[in-house]
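# Commentary on secondary and tertiary structure
So the chains spell out like this:
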Amino acid sequence: MNKLINWMNEKFAPKLNKFTENVWVASISEAIMIILPMILVGSLLTLFSILNDFISWLPDLSPITTFSFGLFGMFISFLTPYYIMEKKGYDTSKIIAGATGLSLFLMLLSPTISDDGNISFILERLGPSGMMNALIVGMFVGFVMSIFKRFSFFKKGSELPEFIIEWVDSLIPITLILFVGWVVNYQLQMDMFDVILGILQPLTLISQSFAGFVITNFILVFLYSFGMSPWVLMPILMPIWLQAINENASLVEQGLDPENINTFETFFSGWLGVGGLGATLPLVILLLFAKSSRLKAIGKTTLVPSLFNINEPIVYGAVAFNPILMIPFWLNALLSPIIVYLTLNSGLVPIPSMLFQLWYTPLGISTYIISGITGLMLLAVVLATMFLIWFPFFKVYDKQEWNKEQGK
C-alpha cells in the first residue's frame, strides 16, 4: 500500500494535474462551471413540475428550463473559445472568439432558412444534446484564433487605435473559420450534429454499459482517495451525463422507458453519493460512536456537511492516504454501483428521467423525487451494504487510534 501511495503522489498525481491544468481542458472545465447555475435552474423547476401533478392550476414554467438549461450548447460554444483565448493571454480577442464560436456552432446545426427569410433550428440541438458539438467547435475556434494571434498586419508601435488593429487582425481567422463551416454545411451537405453523434456513439455505449458505469464510479473514488478532487474529470463526464438524462427525458415524453443509467442523477441524487462521492455518510455516523476521542470529534464536525453531500472534510480529514479506510472506500465504489446498475437495469426501480442536479439535497429526499418509493427501498439496501463494508475497517481504525490516545 505504501508503494502505491508513493507512486500516486510522486508520479500519477503530477501528471494528472498537468493534464487538468492544460489550457484546453481547463477552459472546458471553466466554461461548464460558469454556467452551472443554468443547470440548477432546470433542477429547481423539476421540483416545481412535481407540484404541478398535485396542483393543476399552477402555471407551466417549462419555457424557463428551455431558455436556460435548454440553451446549454449555445453557452458552451461561446465560453469555450472565450476561456481558451483568456488563458493563452489574448484578452483583447476573447469576446470576438466567443462570438465566432457561437456563429460556427449555429451554422453547423443545419438550420432551415425559408424563402421569406425565416430561420428555424431544432431546439434540442441548442441544449445538452449539442454540447459535444459545441465543445468541438469551441476548441477549433480557439485553436485557429490563437494561431493567428501570433501574426499582425501592423508593426509594433503603430499609431492606429488598438481596437482597429484587433478588428483587422481578426478578419482572416474569422473568415477562415466560417468558410470551413460553409464548406461543411452548404457544399458537402454534412449534418455535423449527426456526424459527431455517430463518432461518439461507441463512447456513449461504453459509458452506459455495466462495466462503464462501475468503472466510472471507481475511478472517481480512487482518485479522491489520493486527495485528487473527482471534479477534475467533469469536463469528460458532464457531456455524457447531460446528454444521457436529456435522452431519458425525451424517451419518457414519447411514452417510452428511459435507458441511460449512467447519469449525474443516478450518482449524486439517487444511490451512490451517500454523503458525497464514495459513500462516506455511513463512516461519519460510525465515527460518532468511536472510542477514540479524535475520531468522535471528526464525526461530529463532519456530520452536518455530510448530510448535504459535502464530504471533503471527512475525506481529507480521515480517508485520503489512510490505507485502513481507503480499502472500504474502494470496495463501496465497486459493490454499490453493481447493486444499483443491476437493480435499475432489471426494471425493479425506475431509471432517473428528470433533470435533478441539486447535489446538496440530502439523499432520501432526492432519491424519492427521481424514483419514488421503490428508489427508497433500493437506497435502504445500498445503505445497509455500505455500513457493512465500512464497519470492520472502522473498528480496526478506531482501536488503533484509541490505543494511541491511551499511550499503548
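Residues numbered from 1 in each chain as written. Predicted model: local features only at pLDDT ≥ 70, side-chain atom pairs only at ≥ 80, totals over all residues. Heavy atoms only, no water.

## What to know about the overall build of the protein chain
Looking only at helices and strands, the protein chain has 17 helices and two strands in total. Here the analysis covers contacts within the protein chain between residues at least 6 apart in sequence; of these, 76% occur between residues at least 24 apart. (Helix = DSSP H or I, 4+ residues; strand = E, 2+ residues; numbered from the N terminus. Contact = heavy atoms within 4.5 Å.)

## A short note on empty space enclosed by the protein
Summary: where empty space remains is shown by rolling a probe the size of a single water molecule over the atoms. The tally for this structure, following the rule as stated, stands at two cavities of 30 Å³ or more. What the second largest cavity holds in volume is close to 30 Å³. Together, N217, V221, L272, G278, A279, N332, A333, S336 and M386 line the second largest cavity. Sort the elements by how many residues they give to the lining of the second largest cavity and helix α16 (residues 323–346) lands first, with three residues. (1 Å grid on protein atoms, 1.4 Å probe; cavity = no way out; pocket = protein on both sides within 12 Å on 5 of 7 lines; lining within 4 Å. Points joined across faces, edges and corners; volume = space filled by probe spheres on them.)

## Things to note about the packing of aromatic side chains
Under the criterion given, the structure shown has 16 aromatic pairs. Taking the centre distance of 5.7 Å and the plane angle of 40° together, the rings of F213 and Y341 count as tilted. Placement of F213 in helix α10 (residues 210–225) and of Y341 in helix α16 is noted, with a sequence separation of 128 residues between them. You'll find F213 and Y341 in the same group, each marked buried. Ring geometry for F329 versus W390: centroids 6.3 Å apart, planes at 45°, classification tilted. Of this pair, F329 sits in helix α16 while W390 is found in helix α17 (residues 365–405), placing the two residues 61 residues apart along the sequence. Take F329 and W390: they sit in the same class, and that class is buried. Lying over the aromatic face of W402, K291 brings its terminal NZ or CZ to 4.1 Å of the ring centre. (Phe/Tyr/Trp six-rings, centres within 6.5 Å; stacked < 30°, edge-to-face > 60°. Buried < 20%, exposed > 50% of the residue type's maximum accessible area, 1.4 Å probe, protein only. Lys NZ or Arg CZ within 6 Å of the ring centre and 35° of its normal.)

## Structural notes on helix α7 (residues 131–148)
Relative to the 26 Å expected for 18 residues at 1.5 Å per residue, α7 spans 26 Å between its end C-alpha atoms, a close match to the ideal helical length. Buried residues of α7: M131, M132, N133, A134, L135, V137, G138, V141, G142, V144, M145 and S146, and no others. (Expected span 1.5 Å × (residues − 1).)

## Brief notes about the side chain of S336
In this fold, S336 is placed in helix α16. For S336, a relative accessible area of 1% puts it in the buried group. The contacts of S336, once residues within four sequence positions are left out, are L272, V382 and M386.

## As for the packing of α16 against α17
In contact at an axis separation of 10 Å, α16 and α17 are set at 170° when each is read in the N-to-C sense. The orientation of α16 with respect to α17, classified from their angle, is roughly antiparallel. Looking at the contact of α16 with α17, its residues break down into 18 nonpolar, five polar and no charged. (Axes fitted to C-alpha atoms, helices over the stretch in contact; angles between N-to-C directions. Parallel < 35°, antiparallel > 145°, perpendicular 65-115°, else oblique. Nonpolar A, V, L, I, M, F, W, Y, C, P; charged D, E, K, R; others polar.)

## Observations concerning a nonpolar patch on the surface
Together, I113, I119, F121, F179, W182 and Y186 make up an exposed nonpolar region whose accessible area comes to about 570 Å². For the nonpolar patch, the leading source of residues is helix α8 (residues 162–187), giving three residues. Relative to the helices and strands, I113 is located in strand β1 (residues 112–113). Judged by relative accessible area, which is 49%, I113 ranks as partly exposed. (Patch = residues over 30% accessible without salt bridge, like charges linked within 9 Å, V, L, I, M, F, W, Y side chains within 5 Å. Areas by Shrake-Rupley, 256 points an atom, 1.4 Å probe, with all protein chains shown as cover. Salt bridge = Lys/Arg side-chain N within 4 Å of Asp/Glu carboxyl O.)

## Describing the environment of F143
Along the chain, the position of F143 falls in helix α7. Taking the C-alpha atoms as reference points, F143 and M85, 58 residues apart in sequence, are found 8.9 Å from one another.

## Remarks on the pattern of salt bridges
As a working rule, side chains carrying opposite charge can pair if their charged atoms are close by. Enumeration according to the criterion identifies five salt bridges in this entry. Measuring nitrogen to oxygen at the nearest pair gives 3.1 Å for the salt bridge that ties R125 to D191. Residue R125 is located in the loop between β2 (119–120) and α7, and its partner D191 is located in the loop between α8 and α9 (192–207); the two are separated by 66 residues in the primary sequence. What you see here is one network of salt bridges that share partners, running through R294, E401 and K404.

## A short note on the confidence of the model for the protein chain
Model confidence for the protein chain is summarised by a mean pLDDT of 82, while 86% of its residues fall at 70 or above. Mean pLDDT in the protein chain bottoms out at helix α1 (residues 2–20), which sits at 61, and peaks at helix α13 (residues 281–287), which reaches 93. (pLDDT = per-residue confidence, 0-100.)

## A look at unusual backbone geometry
Here the phi dihedral of Q189 falls at roughly 55°; this positive angle occurs in a residue that is not glycine. Structurally, Q189 can be placed in the loop between α8 and α9. Overall, the relative accessible area of 60% leaves Q189 in the exposed class. The backbone phi angle of A279 is positive, close to 55°, even though this residue is not glycine. Inspection of the secondary structure assignment puts A279 in the loop between α12 (264–271) and α13. Residue A279 is classed as buried on the basis of its relative accessible area of 2%.

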